[in-house]
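Results of the structural survey
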Amino acid sequence: MGQREAALRLDGQWAGIRSGEREAAYGEAEALLGELIAALRGPAGTDPECAARLGLRLGDLAARRFAGGDRAGALAAVEEGLGYVRQAAGYSPQYARWYARLLINQGVWLAWPLSGPDRLPLHPLGAAAEDGPAAMERAAGERALDLTRTAVGVWSGLDQEDPVNRRGLAQALVFLGDRLAELGLAEEAVARAVEAEAPSGRCSWPTPARRARPVRRRPSIT
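Residues numbered from 1 in each chain as written. Predicted model: local features only at pLDDT ≥ 70, side-chain atom pairs only at ≥ 80, totals over all residues. Heavy atoms only, no water.

1. Some remarks on the packing of aromatic side chains
What the rule picks out here adds up to 3 aromatic pairs. Taking 5.6 Å as the distance between ring centres and 25° as the angle between the ring planes, the aromatic pair formed by F66 and W109 counts as stacked. With F66 in helix α3 (residues 48-67) and W109 in helix α5 (residues 93-110), the pair connects residues that are 43 residues apart, well separated along the chain. Given the relative accessible area of 0%, W109 is considered buried. With 5.5 Å between their ring centres and 40° between their planes, Y95 and W98 make a pair best called tilted. Taken together, the positions of Y95 and W98, both in helix α5 and 3 residues apart, correspond to about one turn of that helix. (Phe/Tyr/Trp six-rings, centres within 6.5 Å; stacked < 30°, edge-to-face > 60°. Helix = DSSP H or I, 4+ residues; strand = E, 2+ residues; numbered from the N terminus. Buried < 20%, exposed > 50% of the residue type's maximum accessible area, 1.4 Å probe, protein only.)

2. Observations regarding the confidence of the model for the protein chain
Averaged over every residue, the pLDDT of the protein chain is 86; the share at 70 or more is 85%. Every residue in residues 201-207 is under pLDDT 50, and counting partners more than four places away or in other chains gives 25 contacts. Per-residue pLDDT stays below 50 along residues 209-222; that stretch engages in 64 contacts with residues further than four places along the chain or on separate chains. (pLDDT = per-residue confidence, 0-100. Contact = heavy atoms within 4.5 Å.)

Written out as structure tokens, the structure is:
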């Protein structure tokens, strides 16, 4: 079995664990994910599918790190993952969707300190607030906003006759509204929410992994 085939076989095993079709202890799942990421690195240099899957699995690693409270580790992993899936995005609409979803996840994790335990903005008045966000937090929030705008652009560039892409665009607009609200850009946030509601409505994706605390109801992704 070649390197590519072995990597894709491992990817199939991981997909079964990730979907819940196959049970695995936490340590077993961690070991398999690490082995899979290592196996994909070789063929990812020349194979778009392996590059896209490596980006996706680094996103899975990032989600697990974030769920464990390691935000810095999560951001490092998703940053690396985006580099791979970005290269492959032009080869397939599916890879472009993975790219857009990772962009949104990265934005969620970057902007995390700008919302409170109930996932509502801590500084809804933005720059006018007396106790606005610290400069570092605001910079992270602005980068999250840029990333989410990029994701909206990716979804917009896909075939809008496909209902998956229409729902994906609506979903991305909801997240864009969240990022705008966190920076105190309420008027634009409302406009994006209205845009997201028409004409295709919303869809449901698994949420980006989050530490255990109450979450604002939003359609969400992986």
